[in-house]
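Architecture and fold: a report
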Amino acid sequence: MRNHNISAYIIPPTDPHLGEYTANREKRRQWLTGFTGSSGTAAVTLTRAAVFTDSRYWTQAERQMDCNWELQQTLSAPAVVSWILEEVKIGEVVGFDPFLLSISEWESYNHEFEDSGRTLQSVTTNLVDVVWGNQRPPLPESEIYSVPDDFV
C-alpha cells in the first residue's frame, strides 16, 4: 500500500466479470481473510483490517477469520467508508481495483467519500494479487459449454 501511496484498500468479493461466485483464482477476499462466504467486502488500512458482511454470514465469518480481522455486521458502501474514515486522515488516499467494482458501486463509494477530504483512487495493479504471488491458483482450464435453452 505504501508503494502506491494509499492508506486503505477496498477488496470486494467479485471478479472482473462482477460475478458473486468466482473461480479460485479470483477469491481474493477469501484468500486474504479466510472468510469463504459469497457476500462481503474487506477493507484494509495500514493498521487495521475488517470484513463487512450481512447477518447470513456473521457466525461463519467469526469462525473463519483470525484475530487480525474485525467483523463489521453490516454490508454497505456507507458502512465501509465510515469505518475507513475513522482510520484514514484527511488528505490521504483510499485505493480499489477498478476492474472489481461496477460503475454503480464506484459511484456509491465515491459519493460517500465526497467532502471527506480523502480521495478514492483506482489502482490497476491488484494489491492482493501482488501479495498472493505464485500461490495464486491458475486460470480454470475446464471447457466452456452451452446450456440448453430450456434451462435459461
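Up top is the structure these notes are about.
Small disclaimer: the values here were computed from a predicted structure and weren't measured. (Residues numbered from 1 in each chain as written. Predicted model: local features only at pLDDT ≥ 70, side-chain atom pairs only at ≥ 80, totals over all residues. Heavy atoms only, no water.)

Here we come to the overall build of the protein chain. In terms of regular secondary structure, the protein chain is built from five helices and six strands. Counting helices and strands in the order they occur from the N terminus, the protein chain gives β-α-β-β-α-β-α-β-α-β-α. A compact globule built from 152 residues should have a C-alpha radius of gyration of about 15 Å, and the protein chain, at 16 Å, falls within 12% of that. Counting only C-alpha atoms and orienting by the principal axes, one finds that the protein chain spans roughly 55 × 35 × 30 Å. Counting the 152 residues in the protein chain, one finds 41% classified as buried. Considering only contacts in the protein chain between residues 6 or more positions apart, those separated by 24 or more positions represent 64%. Looking at the protein chain as shown, the accessible area adds up to about 9,100 Å², and 48% of this sits on carbon and sulfur atoms. Seen as two clouds, the 11 positive and the 21 negative side-chain charges of the protein chain have centres 8 Å apart. (Helix = DSSP H or I, 4+ residues; strand = E, 2+ residues; numbered from the N terminus. Rg over C-alpha atoms; globule rule 2.2 N^0.38 Å. Buried < 20%, exposed > 50% of the residue type's maximum accessible area, 1.4 Å probe, protein only. Contact = heavy atoms within 4.5 Å. Areas by Shrake-Rupley, 256 points an atom, 1.4 Å probe, with all protein chains shown as cover. Lys, Arg positive; Asp, Glu negative; His and termini not counted. Charge placed at Lys NZ, Arg CZ, Asp CG, Glu CD.)

Looking at the secondary structure, you find Ser-38 in the loop between α1 (28-33) and β2 (41-45). Classification of Ser-38 by relative accessible area gives buried; the value is 14%. Separated by 2.8 Å, the side chains of Ser-38 and Tyr-57 make a polar contact. Contacts of Ser-38, omitting those with residues within four sequence positions, involve Pro-13, Glu-20, Tyr-21, Arg-29 and Tyr-57. (Polar contact = N/O pair within 3.5 Å; in protein donor to acceptor, adjacent residues only side chain to side chain.)

All right, on to the sheet that holds β2 then. Spatial ordering of the open sheet is given by β4-β3-β2-β1-β5-β6, a layout of six strands whose pairing is mixed. The strands lining the two open edges of the sheet, one partner per strand, are β4 (70-72) and β6 (119-122). Along the sheet, successive strands turn relative to each other by an average axial angle of 25°, direction set aside. Examined bridge by bridge, β2 and strand β3 (residues 49-52) share four bridges and lie antiparallel to one another. Its bridge partner lying in β3, Ala-42 is registered against Val-51. Against the sheet, helix α3 (residues 77-87) contacts β1 (8-11), β2, β3, β4 and β5 (93-96), and its axis sits at roughly 10° relative to β2. Running over the sheet, helix α4 (residues 103-113) touches β1, β2, β5 and β6 and is turned about 150° from β6. (Pairing = 2+ DSSP bridges. Axes fitted to C-alpha atoms, helices over the stretch in contact; angles between N-to-C directions.)

Contact geometry for α3 and α4: axes closest at 9 Å, N-to-C directions at 40°. Classified by the angle their axes make, α3 and α4 are oblique. As α3 packs across α4, the resulting crossing turns out to be right-handed. Taken together, the residues of α4 that come into contact with α3 (itself represented by Ala-77, Pro-78, Val-80, Val-81, Ile-84 and Leu-85) are Ser-108, Tyr-109, Glu-112 and Phe-113. Of the residues assigned to the contact of α3 with α4, the class counts are eight nonpolar, one polar and one charged. (Parallel < 35°, antiparallel > 145°, perpendicular 65-115°, else oblique. Left-handed = near helix turned anticlockwise from the far one by under 90°. Nonpolar A, V, L, I, M, F, W, Y, C, P; charged D, E, K, R; others polar.)

Attention now goes to the packing of aromatic side chains. Here the distance between the centres and the angle between the planes together describe a pair of aromatic rings. Taken as a whole and assessed by the stated rule, the structure comprises three aromatic pairs. On the basis of an interplanar angle of 20° and a centroid distance of 5.1 Å, the ring pair of Trp-31 and Trp-132 is categorised as stacked. Highlighted residues: Trp-31 in helix α1 and Trp-132 in helix α5 (residues 127-132), separated in sequence by 101 residues. Look at Trp-31 and you get partly exposed, because its relative accessible area is 30%. According to the relative accessible area criterion, Trp-132 is buried, its value standing at 4%. With a centroid separation of 5.8 Å and 75° between ring planes, the pair formed by Phe-35 and Tyr-57 is classed as edge-to-face. With Phe-35 in the loop between α1 and β2 and Tyr-57 in the loop between β3 and α2 (58-64), this pair connects stretches of sequence that are 22 residues apart. Considered together, Phe-35 and Tyr-57 belong to a single accessibility category, that of buried residues. (Phe/Tyr/Trp six-rings, centres within 6.5 Å; stacked < 30°, edge-to-face > 60°.)

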